[in-house]
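Read off the chains here:
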Amino acid sequence: MPELPEVETVRRGLVPAMEGHRIERAEVNRPDLRWPLPERMAERLQGARVDRLRRRSKYILADLDSGESLLIHLGMSGRMLVSGVTLGEFHLDHPAPAKHDHVVLHMSGGGRVTFNDARRFGAMDLVLTEREQAHWLLAGLGPEPFGNDFHEDYLVEALKRRATPIKSALLDQHVVAGLGNIYVCEVLHRAGIDPRRQAKRISNLRLASLVPIIREVLTEAISAGGSSLRDHRQADGELGYFQHSFHVYDREDTPCTTCATQIRRIVQSGRSTFFCPSCQK
């Protein structure tokens, strides 16, 4: 599942093809993805100008001049393919249509944006921009990690009474939006906190220290994706899913980059957790 840095990388890659351009033609090739697509989706998209591309948590929002926003969720297998534009040093020609190209947007300026999803775990919807906070996928989301509402006092208050493991608490999208399994593992390693510790058993000072660390880890991951985007080499124009250098995630039985102790893997709430038993207390 793509996390905040991957989704932000995709958003940035879509900007040259979409922002400021009109959707000259929209192809909607099936009635549903993970959930049913909105009624008259192609008709509602056609002719609309994309005024702005935003990210909320793990969702991309394309604000249209029609007063609606196109909500995009990649899910586990969704891919956004861009063609007819230049990314970095490479011009991406239009590929032949593929079997799982479910939504295709033909943009003014010659760009084309294709949502391809072999397993159909992704989603798209149209929502009134002024009422998006009430959308069932967005309602109740916590603050953005880079937003002003996410600060030390907020996080301490949100976590100091929680009896759940700190890793589970940080994965709760009501606490902070956009964090996923990979980056929570990385954040807790950098903070030196054992992912199994109950949040309420961690001092307020250590809880507060997570805020700058979360921002630091996410910023580094986004920068890595941005660097890949500027030197984009994939022939099909796929955006996102760039490789990052992890310190603990998916590194079971390899030496910790800090102390050389072997990284352990455990399962918490059905998800793999990677941590250093020496560094993280």
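Above this text sits the structure in question.
Residues numbered from 1 in each chain as written. Predicted model: local features only at pLDDT ≥ 70, side-chain atom pairs only at ≥ 80, totals over all residues. Heavy atoms only, no water.

Colleague: Could you clarify how one ought to interpret the pattern of salt bridges in this entry?
Modeller: Opposite charge on two side chains permits pairing when their charged atoms draw close. Overall, the coordinates contain 20 salt bridges when judged by the stated rule. Residue R55 pairs with E144 through a salt bridge whose shortest N-O separation is 2.7 Å. Of the two residues, R55 sits in strand β2 (residues 50–56) while E144 sits in the loop between β10 (123–128) and α3 (152–159), which places them 89 residues apart along the sequence. Given the relative accessible area of 16%, E144 is considered buried. (Salt bridge = Lys/Arg side-chain N within 4 Å of Asp/Glu carboxyl O. Helix = DSSP H or I, 4+ residues; strand = E, 2+ residues; numbered from the N terminus. Buried < 20%, exposed > 50% of the residue type's maximum accessible area, 1.4 Å probe, protein only.)

Colleague: What is the right way to read the packing of aromatic side chains from this model?
Modeller: The relation between two aromatic rings is expressed through the spacing of the ring centres and the mutual angle of the planes. In this structure the tally under the stated criterion is five aromatic pairs. Ring plane angle 70° and centroid distance 6.4 Å describe the contact between Y183 and F246, whose orientation is recorded as edge-to-face. With Y183 in helix α5 (residues 181–191) and F246 in the loop between α6 (204–230) and β11 (264–268), this residue pair connects regions lying 63 residues apart in the sequence. We classify Y183 as buried; its relative accessible area is 3%. On the basis of relative accessible area, F246 is assigned to the partly exposed category, the value being 25%. (Phe/Tyr/Trp six-rings, centres within 6.5 Å; stacked < 30°, edge-to-face > 60°.)

Colleague: Which parts of the structure should I look at to understand the sheet that holds strand β8 (residues 101–107)?
Modeller: Consider a sheet: its strands pair through backbone hydrogen bonds, and that pairing is either parallel or antiparallel. Pairing is antiparallel across the open sheet formed by four strands, whose spatial order is β1-β8-β9-β5. Unpaired on one side and paired on the other, β1 (23–28) and β5 (78–83) mark the two borders of the sheet. Across the sheet, the mean angle from the axis of one strand to that of its neighbour is 15°, orientation sign disregarded. Pairing geometry for β8 and strand β9 (residues 112–117), over five bridges, is antiparallel. (Pairing = 2+ DSSP bridges. Axes fitted to C-alpha atoms, helices over the stretch in contact; angles between N-to-C directions.)

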